[in-house]
Structures are given as C-alpha cells and as structure tokens.
Amino acid sequence: MLYAWDNATGSERWWAHNVSDLRRSLIRNTIYNVAGYFWTILLGFLITPVIIHFVGFHTYGLYVAVGAALGWLWLLDFGISDAATRFMSGHAARGEEERFSACLSTALGLKLLLGLLIAGAAGLLAPSLARHLGHPDGNEASWVIRLMCWTYVVAQGSSVFNAALSARHRMDLPNRMGLLLSIPSTSAAILLLIFQKSLAAYLLVVLVFSLVYFCLVVAALRRIAPSVRFSPGLITRRELSELFGFARHQSICRLADTFLASADRLALSADLKAVSLYQLGATLGAKIRDVSSLTVSAALPTTTDLHAREDWPGLNQILRRGTKYLVLVSCPLFLFAALFAEELLTLWVGNPFAESAIVLRLLCAGYFLNVIAAMAASVGAAVNRLDLQVRASLTAIAAAVILYLTWGRHHGLPGLAASVATGMAVLGVLLILFVLVALRSRLTLNLIDAFARPVMAVVLTALIGVPAKWMVLTHGWASTRLKAALFIGLIALLAAGLYPLVLRLTRTLDDYDVNILKGLFRRKVTSS
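Going along each chain's sequence as written, the residues are numbered from 1 onward. Only residues with pLDDT of at least 70 get local features here, since the model is predicted, and only at 80 or more are side-chain atom pairs given and counted; chain-wide, interface and lining totals rely on the full set of residues. Excluding hydrogens and water, the side-chain values take into account all heavy atoms of the structure.

Notes on the overall build of the protein chain
Working step 1: Per the secondary structure count, the protein chain includes 19 helices and zero strands.
Working step 2: Per-residue accessibility, obtained with a 1.4 Å probe over protein chains only, is compared with the maximum for each type, and a residue is labelled buried under 20%, exposed over 50%, and partly exposed between these values. Classification of the 528 residues of the protein chain by burial places 50% in the buried group.
Working step 3: Working rule for contacts: check all heavy atoms of both residues, and any pair within 4.5 Å makes them a contact. Summarising the internal contacts of the protein chain: among those between residues at least 6 apart in sequence, 83% fall at separations of at least 24. Each helix is a run of DSSP H or I of at least 4 residues and each strand a run of E of at least 2, with the numbering of both proceeding from the N terminus.

Structure below.
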C-alpha cells in the first residue's frame, strides 16, 4: 500500500507504507490525548464540590494534601515511564520483541518496587500522619492515606503498560478505557459519598476501578502484541542501565520545569494576598501551556520509531511540521489570553484583578516561547540527547534566578512574572538551538515557515480583537461574568471563523498540511 502526498518530493515523502501508519496514529493519539485531558478536568470540576459538600473542608483538605504529596512522588519517579516509552518504541520499530519484553519487565519492576516502598511506609505511618495533619477523625484519615497510596501503586503499574501501548502507537486504547470507566466509577463514587458520607468509601471505589483499568491495559497489550511477555526473570542489568541513564536526565528536566513553574509562589510566601493574585494569572497561563503541549503529546513514540529506522528525512519533517503546528495552536491561545486578560479573569473569578492580568500577560510571552520547543524536545529525547535539554533547563533556571535577584524582586508581581517568563523563554529558545546545532548535519528548521509566517497569520487574525478591546474599555461590556462570557464567546467564534481563511490566504497552511488532516479520515492518498 503506497501513501504519497500531493505535490511532494524528496524528504516530503516519508516512508510510503510505514510512515502513513505513523502519521495517522500520531494524529489519532493526539486527539485521544486531548479528549482524555479535558474529560479529566471536567470530572475533577464536577466531583470537587460533591466531595466538599458531603465530607467537609477538613477531610477535603486532607485529600488535597495527600494528593499533592503523591504528585511530587510521581514527579520523582526518576522519569522511568518516559524512558520506557522511548526504549520500547525503538525496540518495537526494530522488531526486537525480547528486548521489548525485557524493558517492559524492568520498568514494571522498578515502578512497583518504588510504589510498594512508598505505600508500605505510608501504611505504617498513616496514624502518625493523620495526627500531624490534625484531622478530627484519626481512623478515617488513616484509611484515606492508605487507600490513596495503594491507588498510587496501581497507577504506577498502569503507567508502564500505558508506555508499552504508546510505544506501539496505541495511545488511543488507554484513553478509551479511561473514558469508558470514568462514568461508572464516578457515578458509584458519588453514590457512596451521598449515602456513606465517607471519603474512604469514595477512595475505595477509585481503587477498585484503578485495578480494573490496570487489568484492561494489560489485556489490551496482550491482544495487540501477544508475543510480549513480562516477568521478574526478564529483568536485565542492560535494561536497568539504559532506563536509569535516560531517566536521570529526564528527572533533572522535570525538576527544572517544576522549579520554573512553582518556585515563584515560594518567593511570595510571606505575602499571601500577593500569592493569590499571582496564582490567578499563573494558573490561566499554565493551563494554556498544557493545552498547547497536547499538540505533540504523542510525538515521542513516533520520533523514536523514525530514529530507530534511521529515517532522518522523516525526523526532519516531523520537527519542521510539528514546530509549525505548535505555533499555530499556541500563539492564538496565548495572544487571546494576553489581549483579554481582564475579561478572562472576570469570567473565572468575577473580578478583573489588574495585578493578575499583568502576571498573565507577562507569563504568556514566556510560556509561548517555551512551548514551541516541545517538538524539538521530543526529537532530542528520541535520539537520546536529553543532555541538551538538561543544559537548557539549568541555564534557564540561572537566568530566571539572576534576573529576579538583580531586578525582579524590586518590582513586585510584575518583576517576578517577568523573571519566570524570561526563564521559560530561555529554556525554549536554547533547546531549539541546541538540538539544531547538535544535529546540524541531519536536521534543519526554516524559521520563516515554522515561526514567522504562522505568527503573522495569528497577528492578522487578532486585529479584530483590538477594536473589541477598545469597546470593552470604553463601554464596560464585560463587567460581569455573564457579559464576559458572552463577549469572550463572540470574539472567539469570530476569530475561529477567520483564522482558517487567513492561514490559507497567507499560505501558512499548504496542501501538505491539508492532506495531513485528510489522512486522518482516509487510508490512501494517491499522488497527482
């Protein structure tokens, strides 16, 4: 089966047969990742007030505190899941089923060992932790801690099989199963909250459905890859060395990103009002960044597959196209948020806090330059050059800290936001430069096609927002939540309708890009 692009020659033609599957799976996986992300946010939004209503603020505070601690522990898992995805993708591309099974078994053993150590320690220390957190019902608090920790263990195991499915380009399967299970699990949990008024009962349901999900992802892997095995006997020193070598760099990058994303709140900890005002702007900026990053959330298995096959033209193509698509998605979102910061804050919290709006505008600039490097990061990880991201991350932290200490701390919230934005921007720009320099004999990136032309198209579309903003400032059209919602919705619809037209008129989207979208819905595209 041949798959060619209209009017494409040379490196524009990725591998005819294999890359058509990679391309379609990349688009499909990205769509399911986006759907899973927003569905998770929606469920969290709906379940939170139910928990607070039936168990009270004290118990909900315990739930948040333990969840935050486990979130940090998940962050410090040495990057094993990402490392497993990277190496299993390479083994799958080369047909190395034994190495695939060994990598899966080794990663699973490491994750379960880490999870069991944490759960065991938490189980023993649960009564002491409950007393320390000051919960009035010590027994309830102890069971909450234990159940959340055991759910953490199950999630650790599931993450490895999710990585294995990702390596087989089937991210859609865990997302489908998660979506399928979320409705009965949430319904059962809410019913228990209503009748039992116990957070421990709610968490027991979560644990049960987590076990069901684990069984489903294992069954899914066995179905699509029946030759894959996993057992303690397949754990090898070679796989341990490879996983830890990659994961060591990945952990440094994660910590650096977390520092840039959250250390700013620590700098303001002496002024809780300032923390709140800063948090409002920073939260909106971070959510837009997360949504933009989903554009390339399925890129690592694909880039690793191409590298394993030594398809450098394909890697070059995915770097160029992926970076352009990141700009096309993230630039309008960040520009919209910067232009209508006050209106977004009014819609969200009912007040257009001026300080929060300034924070959001400054962070949008830094987050944008940071997120457009996501495809370069995937390519760097695929070729096992995470050291490039480590260097960029450490340089970015140094830039942010130096700027804050020498200038930012004297200028309040804007100074802190500008320092963080600078660090984020330095990380993104340096990462792209480092990848291009390190692989200059293999990869190139046309900045006009990948950056300048998409940004120009976004700016032209955004011109409709300038008079709209002036009208709001003059007449106060978005002074309440309802007015803000109507105004933002109208402007967003107008911009969404105009944007595709501008992209075509400026030739930012070419026939190749259009055919990529068409490739999601048809299996063959014949060349002209």
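Topic: the packing of aromatic side chains
Working step 1: Geometry of aromatic contacts follows a simple scheme: Phe, Tyr and Trp rings, the Trp one being its six-membered ring, pair when their centres are within 6.5 Å, and the pair is stacked under 30 degrees between planes, edge-to-face over 60, tilted otherwise. What the rule picks out here adds up to eight aromatic pairs.
Working step 2: Relative to phenylalanine 38, the ring of tyrosine 37 has its centre 5.4 Å away and its plane inclined at 85°; by these criteria the two rings are edge-to-face.
Working step 3: For phenylalanine 38, a relative accessible area of 40% corresponds to the partly exposed category.
Working step 4: Centre to centre, the rings of phenylalanine 161 and phenylalanine 230 are 5.0 Å apart; their planes meet at 80°, and the pair counts as edge-to-face. In this pair, phenylalanine 161 is assigned in helix H4 (residues 138–167) and phenylalanine 230 in the loop between helix H6 (199–224) and helix H7 (237–267), connecting sequence segments 69 residues apart.
Working step 5: Relative accessible area serves as the criterion here: at 0%, phenylalanine 161 is assigned to the buried category.
Working step 6: Grouped by ring-pair contacts, the aromatic residues Phe161, Phe214 and Phe230 constitute a single cluster.

Things to note about the confidence of the model for the protein chain
Working step 1: Every residue is assigned a pLDDT by the predictor, reflecting its confidence on a scale from 0 to 100. Of all residues in the protein chain, 88% have pLDDT values of 70 or greater, and the mean over the chain is 84.
Working step 2: Contacts of residues 523–528 to residues separated by more than four positions or lying in other chains number 14 contacts, the stretch itself having pLDDT below 50.

Re the nonpolar core
Working step 1: Only buried residues count toward a nonpolar core, which is a set of Ala, Val, Leu, Ile, Met, Phe, Trp, Tyr and Cys residues joined through side-chain atoms within 4.5 Å. In this structure, Tyr278, Leu315, Leu319, Leu363 and Leu443 are the most contacted members of the largest nonpolar core, which totals 82 residues.
Working step 2: Top contributing element to this core by residue count: helix H15 (residues 412–438), with 12 residues.
Working step 3: Not counting chain neighbours up to four residues away, the residues in contact with leucine 363 comprise Tyr278, Ala282, Ala417, Val420 and Ala421.
Working step 4: Grouped together as the second largest cluster of nonpolar side chains are 33 residues, Val217, Ala220, Val228 and Ala381 included.

Some details on the pattern of salt bridges
Working step 1: One side-chain nitrogen of Lys or Arg within 4 Å of one carboxyl oxygen of Asp or Glu is enough to make a salt bridge. As enumerated under the stated definition, the model contains 17 salt bridges in all.
Working step 2: Arginine 168 serves as the salt-bridge partner of glutamate 97, at 2.7 Å between the closest nitrogen and oxygen. One end of the pair, glutamate 97, is in helix H3 (residues 97–133); the other, arginine 168, is in the loop between H4 and helix H5 (172–196), with 71 residues separating them in the sequence.
Working step 3: For arginine 168, a relative accessible area of 21% puts it in the partly exposed group.
Working step 4: We note a salt bridge from aspartate 172 to arginine 176, for which the minimum N-O separation is 3.8 Å. Of this pair, aspartate 172 and arginine 176 are both found in helix H5, four residues apart, which corresponds to roughly one turn of the helix.
Working step 5: A single salt-bridge network, built from bridges that share partners, covers Glu342, Glu343, Arg361 and Lys469.

Looking at the packing of helix H10 (residues 312–339) against helix H18 (residues 481–505)
Working step 1: Each axis is a line fitted through C-alpha atoms, and for a helix only the stretch in contact is used; angles between axes span 0 to 180 degrees, taken between their N-to-C directions. Two numbers describe how H10 lies on H18: the axes approach to 12 Å, and their chain directions differ by 145°. Our pair here, H10 against H18, has a crossing hand that is right-handed. Residue-level contacts link Leu328, Pro332 and Phe336 of H10 to Ile488, Ile491, Ala492, Tyr499 and Leu503 of H18. Here a crossing is called left-handed whenever its near helix is offset anticlockwise from the far helix by less than a right angle, and right-handed whenever the offset is clockwise.

Details of H18
Working step 1: In this scheme, a helix's expected span is set at 1.5 Å multiplied by one less than its residue total. For H18, with 25 residues, the first-to-last C-alpha span of 36 Å sits near the 36 Å given by 1.5 Å per residue.
Working step 2: Its maximal kink placed at leucine 498, H18 deviates by approximately 25°, while the proline proline 500 follows within four residues.
Working step 3: All of the buried residues in H18 are Ala484, Phe487, Ile488, Ile491, Ala495, Tyr499, Val502 and Leu503.
Working step 4: Of the residues trailing H18, arginine 507 is marked for its positive phi of about 55°. The reported bend at a residue is simply the angle between two axes, fitted to the 7 residues ending at it and to the 7 residues beginning with it.

A look at a nonpolar patch on the surface
Working step 1: For patch building, the residue pool is restricted to those with more than 30% relative accessible area and no salt bridge; the joining distance is 9 Å between like charges and 5 Å between nonpolar side chains (Val, Leu, Ile, Met, Phe, Trp, Tyr). Using a 1.4 Å probe, the Shrake-Rupley method yields the accessible areas, and only the shown protein chains count as cover for residues. A contiguous nonpolar surface patch, about 280 Å² in accessible area, is contributed by Leu204, Val208, Val212 and Leu216.
Working step 2: Inspection of the secondary structure assignment puts leucine 216 in helix H6.

Digging into the packing of H10 against helix H13 (residues 374–382)
Working step 1: For the pair H10 and H13, interaxial distance at closest approach is 8 Å and the crossing angle is 155°. The angle between H10 and H13 places the two elements in the roughly antiparallel class. Along the contact surface, H10 presents Leu315, Ile318, Leu319, Gly322, Thr323 and Leu326, while H13 presents Ala374, Met375, Ala376 and Val379.
Working step 2: Of the residues that constitute the contact of H10 with H13, the class distribution is eight nonpolar, two polar and no charged. Roughly parallel covers angles under 35 degrees, roughly antiparallel covers those over 145, roughly perpendicular covers 65 to 115, and oblique covers all other angles. Residue polarity is assigned by list, with Asp, Glu, Lys and Arg as charged and Ala, Val, Leu, Ile, Met, Phe, Trp, Tyr, Cys and Pro as nonpolar; anything else, Gly included, falls into the polar class.

Notes on helix H2 (residues 80–94)
Working step 1: The terminal C-alpha atoms of H2 lie 21 Å apart, and with 15 residues this matches the ideal 21 Å at 1.5 Å per residue to within 8%.
Working step 2: Most of H2 is tucked away, with 12 of its 15 residues classed as buried.
Working step 3: Among the residues making up H2, those that are buried are Ile80, Ser81, Ala83, Ala84, Thr85, Arg86, Phe87, Met88, Ser89, Gly90, His91 and Ala93.
Working step 4: Positive backbone phi, at 75°, marks glycine 95, one or two positions downstream of H2.

Here we look at unusual backbone geometry
Working step 1: Unusually for a residue other than glycine, histidine 169 sits at a positive phi of about 60°.
Working step 2: Tracing the sequence through the fold places histidine 169 in the loop between H4 and H5.
Working step 3: Relative accessible area serves as the criterion here: at 11%, histidine 169 is assigned to the buried category.
Working step 4: The phi angle at glutamate 310 is positive, at roughly 55°, despite the residue not being glycine.
Working step 5: By secondary structure assignment, the location of glutamate 310 is in the loop between helix H9 (299–308) and H10.

Digging into the environment of leucine 505
Working step 1: Checked against the element boundaries, leucine 505 lands in helix H18.
Working step 2: Between the C-alpha atoms of leucine 505 and alanine 457, which are 48 residues apart in sequence, the distance is 9.0 Å.

Regarding the environment of glycine 245
Working step 1: For glycine 245, the position within the fold is in helix H7.
Working step 2: Placed 139 residues apart in sequence, glycine 245 and asparagine 384 show a C-alpha to C-alpha distance of 9.7 Å.

Here's the deal with the side chain of serine 89
Working step 1: Tracing the sequence through the fold places serine 89 in helix H2.
Working step 2: On the basis of relative accessible area, serine 89 is assigned to the buried category, the value being 0%.
Working step 3: With sequence-adjacent residues up to four places away left out, serine 89 is seen in contact with Ala167, Pro301 and Thr304.

Structural notes on the environment of tyrosine 32
Working step 1: When you line up the elements, tyrosine 32 lands in helix H1 (residues 18–75).
Working step 2: For tyrosine 32, a relative accessible area of 22% corresponds to the partly exposed category.
Working step 3: When the C-alpha positions of tyrosine 32 and leucine 179 are compared, they lie 9.8 Å apart, and in sequence the two are 147 residues distant.

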